[in-house]
Every structure is written in structure tokens, then in C-alpha cells.
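# Overview (structure and organization)
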Amino acid sequence: MNIHEYQAKKILAQYGVPVPRGGVAHSATGAIYQANELGGDKWIVKAQVHSGARGKAGGVKLCESPKEISQFCDQFLGNNLVTNQTGPEGKMVSSIYVEEATDIIKELYFSIVLDRATQKVTLVVSTEGGMDIEQVAEEMPEKINKIRIDPSVGMQPFQARQLVFTLGLPNEAIGSASRAVMKCYRAFRDTDANLLEINPLVLTSGNKVLALDAKMSFDANALYRRPEIFEFHDKTQQDIREINAAEHDLNYIGLEGNIGCLINGAGLAMATMDMIQHAGGEPANFLDIGGGASAQRVATSIELVLSDENVEAILVNIFAGINRCDWVAQGIVDLLNKRDIDIPLVVRLSGTNVEKGQKILRDSGKKVITAETLSDAAHTVVAEWKKSTGK
Ligand code: GDP
Ligand code: MN
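Computed from a prediction, not measured in an experiment: that's the story for all the values here.

What counts, and at which threshold
Residues numbered from 1 in each chain as written. Chains lettered and ligands numbered in written order. Predicted model: local features only at pLDDT ≥ 70, side-chain atom pairs only at ≥ 80, totals over all residues. Heavy atoms only, no water. Pairing = 2+ DSSP bridges. Helix = DSSP H or I, 4+ residues; strand = E, 2+ residues; numbered from the N terminus. Axes fitted to C-alpha atoms, helices over the stretch in contact; angles between N-to-C directions. Contact = heavy atoms within 4.5 Å. Donors = N, O, S within 2.8 Å, 3.2 Å for Na, K, Ca; no water. Buried < 20%, exposed > 50% of the residue type's maximum accessible area, 1.4 Å probe, protein only. Polar contact = N/O pair within 3.5 Å; in protein donor to acceptor, adjacent residues only side chain to side chain. Core = buried A, V, L, I, M, F, W, Y, C linked by side-chain atoms within 4.5 Å. Domains from an automatic or database assignment. Right-handed = clockwise from strand over helix to strand, strands pointing away. Parallel < 35°, antiparallel > 145°, perpendicular 65-115°, else oblique. Left-handed = near helix turned anticlockwise from the far one by under 90°. Nonpolar A, V, L, I, M, F, W, Y, C, P; charged D, E, K, R; others polar. 1 Å grid on protein atoms, 1.4 Å probe; cavity = no way out; pocket = protein on both sides within 12 Å on 5 of 7 lines; lining within 4 Å. Points joined across faces, edges and corners; volume = space filled by probe spheres on them.

With that out of the way, let us pick up the sheet that holds strand 17 (residues 345-351). Here we have 6 strands laid out as an open sheet, ordered 13-15-14-16-17-18, and mixed in their pairing. Of all strands in the sheet, those with a lone pairing partner are strand 13 (251-254) and strand 18 (369-371), marking the two edges. When strand polarity is set aside, the average angle formed by the axes of neighbouring strands in this sheet is 15 degrees. Relative to strand 15 (residues 285-288), strand 13 runs antiparallel, the two being bridged by 4 bridges. In the sheet register, G254 faces strand 15, and the bridge partner there is N285.

See below:
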């Protein structure tokens, strides 16, 4: 689960990591109020969306008057901000963060990630902050320094200093930077985070280090024990199709194509996506009905896929182990008895109770196109989609 920058900064501040003073607002009036509370005559106003690269998209601005703040809010609040990380739709801006402006001497990069391969927590720093870290990694890999922490031992202060030394900071900033790194590690550990990224971490004109940006993301499986983190959940930042699915406890990933897919298990889903592409189509989604799906659950899943207006054909691909083909077939027939589906519906059933399932589909007299194998199913759905749409 991702959270907003201002929320991540709130967490970091609780752990004693230095962050600029700031306040969040949901209207132009609120933003000007926050600026007045902060005082001074220069503020950084930042559109809050779950995305980086807001700066390049105009979503981060230095303002020198309440009028400029108000113009920024009018431009962004209630609209979608498109960055090179959001996709063409962009993400809804419903809050603006107003901060005191910082005098920057140097922009650095700092992050903590959970490295599954080594089963260790990895801290990454670079002197090349502010910009695209992927580009730095590619073009100047020598500018990136890492250390790995064994979570069962935890981070030791000497490790923080070792890492900070690679940043070439002035002597008087090294102690505070090392302490900030230790505090970030604690914040990461105590919140079940799987990512903490500060880009940029800056050196100020007063030789202080400050987290100027902050991104945190958390292990969704640990949220049950972190209610204070779950409170930061912002539905407006998620694909509406995924939210609806989550309400039914279904895993749904929205994609850009036209073939809606209902599949059991992530592995079969990946294979099916590949096969659809191979057959010349593009999946509209990836919906995993899971194991032991009831007829009711199958019907709900199809309705969910149908509610996506990009969907112009549906493929149900079930390899039943724990699942039962007869339940899946019954779910399909129940739905077709309730409503018409005017797009091609291709069903491939295999595994437990397959004969029973196929019989239910046949006896229903409904227009269901059946397929035998995965390859057959993918080619059939793409061919039917082309036939019905003329694409
Ligand atoms: P991002 O583009 O979404 O990653 O947003 P950031 O919070 O990282 O801001 C983008 C850039 O704006 C930073 O890399 C800085 O160069 C600049 N910036 C942000 N806050 C300040 C500030 O207080 N003072 C100055 N001078 N620049 C800032
Ligand atoms: Mn940034």
C-alpha cells in the first residue's frame, strides 16, 4: 500500500528524521492559511498524488505570494496530474502540501528497500539525488552505494556512518546525517514498510540534512497490525476497478486491452495473458477468482469484468484443482439467466468435475463458446473478439 508524501513525512518526523515544516490543505483558502501559519515569504507547494516525477509535470512549485499559491491550487485541485509514472490517465489531486522553502546546496538520494533475493534490508545512497535514480544506476553505477542489513541483527550506527561517508558531506553534517539514516531504518522496520525513498535528501545552506521528498509503501499483508498506517489508505489513488474487486475480496489488476479474463491462480493468469498476446490480442485485466470459488463468486467476477467498458470479449480459463468446474459453469449460467451478455464469452474448463461443468454449459442453451486447451482458448477469444468488433 502506498501513501502520500505528507503522510510519509509525518511518520518520518515521529521518528525524529528532519523534514521541512509544512501543512496539508484541500482548498486554495486552506493552502494560503497553511502558508500564513508557516510564515516567511516563499513556499513550496506540492500536489499530493501517489507518484514521483511530479516536479517535471509542474506539480511542485515555488510560490512567492498567496496569489501564486491560489493559482496553483486552482490549476491542480480536483484535477488529474499526469506524470511519467502515472500512465495517461493521471492521478487525482485532492490535497496540496505547503512547505517552507529550503535553500538547497546539494540533492542526494537515499532509499531503503526489502531485497527478497538476499532476504536483507538494503540501504541505497547516491550523491546524484533529485533525478531519475534508474538513469543514474544505468549510466553511472559507480555513483550508487549500498549496504545490506540482516534484519535479525538490525542496523548498527557504524553502518550508517559508513554509508554516509560515501556522500562527501561536510564534517559537521555527517553526525546528523548518520542519525537520520538510523531513524529512517527504525521507521521502515517498525511500520512493516517495504520501501522508503527520500529523493532528494538535501544538504541545506545551514549544513543540515533534510528529507525534502518522501515516499513509503507498506506490506499489505501486515496492515492488519498497523491500523495507524492503514488510515493513510487513499482510495482516490487506486484504479476504480481494483477497488470494486477488493470489496469482493477478488484480486483484480486493470490493464489496457479489450479481453476480459477470469482465471484461477496467478501462474495460470500470467500464462493466459501471454497466450492472448501471442494470439494477437490484449488483455483488459487480470482477475484471479482464487481457489474453491462458488457459483456466486464466479458470477460476481464476470459482472466485475463486464463493468469495465474496455472489455469487448471475455475469456474464462479455469484449471480446477481445489476449484470445481461444475460450480464455475453454474456461476456462468446463473449470470446468463439473469442478464444477457452481448460480447463473445469463451470458456475453457479443465480439471475437477470437468464433464459435469461442460454438461451444465451445454444443457443451459446459452451462447457460450467452449475451448479445450489454453492455446485454443486464447486463439478462440481473440478470433471471436475480432469477428464481433471488426478490429
Ligand atoms: P517529485 O518530482 O515528485 O519527486 O517531487 P520532489 O518533492 O522530489 O520535488 C522535485 C524537485 O523540486 C526537487 O528535486 C527539488 O529540486 C525541488 N524542490 C522541492 N522542494 C524544494 C525546496 O524547498 N527548495 C528548493 N529550492 N527546491 C525544492
Ligand atoms: Mn522526488
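Let us look at the sheet that holds strand 1 (residues 22-25). Pairing is antiparallel across the open sheet formed by 4 strands, whose spatial order is 1-6-2-3. In the strand order of this sheet, the two ends are held by strand 1 and strand 3 (60-63), each with one partner. Between one strand and the next, the sheet's axes are offset by a mean angle of 20 degrees, whatever the strand orientation. Pairing of strand 2 (residues 43-47) with strand 3, which is carried by 4 bridges, proceeds in the antiparallel orientation. Paired with K46 across the strands is V60, a residue of strand 3. Set on the sheet, helix 1 (residues 5-14) makes contact with strand 1, strand 2 and strand 6 (96-100); between it and strand 6 the angle comes to about 50 degrees. Together, strand 2, strand 3 and strand 6 form the strand contacts of helix 3 (residues 66-76), whose direction differs from that of strand 3 by roughly 160 degrees.

What follows covers the coordination of the manganese ion (ligand 2). Every protein donor of the manganese ion (ligand 2) is accounted for by N199 (O) and D213 (OD), and the metal-donor separations fall at 2.1 to 2.2 Å. On the criterion of sequence distance, the pair formed by N199 in strand 10 (residues 193-204) and D213 in the loop between strand 11 (209-211) and strand 12 (215-218) is long-range, its members being 14 residues apart. A single burial state applies to N199 and to D213, both of which are buried.

Note on D213: relative accessible area 19%, which makes it buried. Within the structure, the side chain of D213 is placed 3.2 Å from the side chain of R54, a separation counted as a polar contact.

A word on the nonpolar core. F110, I112, L123, M155 and L169 are the most contacted members of the largest nonpolar core, which has 42 residues in total. Counting residues per element, this core draws most heavily on helix 6 (residues 171-190), at 9 residues. Of all hydrophobic cores here, the second largest spans 34 residues; its members include Y252, A299, V333 and I343.

Here we take up the domain arrangement of the protein. Under the domain assignment, the protein is made up of domain 1 (1-19 + 103-238), domain 2 (21-101) and domain 3 (239-389). Spacing between the C-alpha centres of domain 1 and domain 3 amounts to 42 Å.

This part covers the pairing of strand 16 (residues 313-320). Look at any regular strand and the pattern is simple: side chains alternate between the two faces of the sheet. Taking burial as the measure, the 8 residues of strand 16 include 7 buried ones, the bulk of the element. With 5 bridges connecting them, strand 14 (residues 259-263) and strand 16 associate as parallel partners. Each residue of the ladder has a partner; that of C261, found in strand 16, is L315. Where strand 16 and strand 17 come together, 7 bridges link them in parallel fashion. Counted as the bridge partner of V316 is V347 from strand 17. Between the parallel pair strand 16 and strand 17, the chain is carried across by helix 11 (residues 325-338), and the sense of this crossover is right-handed.

Interhelical geometry of helix 9 (residues 266-278) versus helix 13 (residues 374-389) gives an angle of 50 degrees and a closest axis separation of 8 Å. The pairing of helix 9 with helix 13 is recorded here as oblique in orientation. The way helix 9 lies across helix 13 gives a crossing that is right-handed. Residues A271, T272, M275, I276 and H278 of helix 9 form the contact with helix 13, whose own contacting residues are L374, S375, A378, H379 and V382. Taken together, the residues of the contact of helix 9 with helix 13 break down into 6 nonpolar, 4 polar and no charged.

Let's shift gears to the packing of helix 10 (residues 295-306) against helix 11. Contact geometry for helix 10 and helix 11: axes closest at 7 Å, N-to-C directions at 55 degrees. When the axes of helix 10 and helix 11 are compared, the pair comes out oblique. The two elements helix 10 and helix 11 meet at a crossing, and its hand is right-handed. Facing A295, V298, A299, I302, E303 and L306 of helix 10, the residues of helix 11 in contact are W327, V328, Q330, G331, I332, D334, L335 and K338. Among the residues making up the contact of helix 10 with helix 11, the classes are represented as 9 nonpolar, 2 polar and 3 charged.

Of the pockets and cavities examined, the second largest pocket occupies roughly 410 Å³. Taken together, 14 residues line the second largest pocket, and the ones lying closest to its centre are Q238, E242, A246, L250 and N251. Broken down by secondary-structure element, the contributors of at least two residues to the lining of the second largest pocket are helix 8 (240-247) and strand 13. Here the lining of the second largest pocket takes 4 residues from helix 8, the largest share from any one element. In terms of residue class, the lining of the second largest pocket is made up of 7 nonpolar, 3 polar and 4 charged. Each of two domains, domain 1 (1-19 + 103-238) and domain 3 (239-389), supplies a minimum of three residues to the lining of the second largest pocket.

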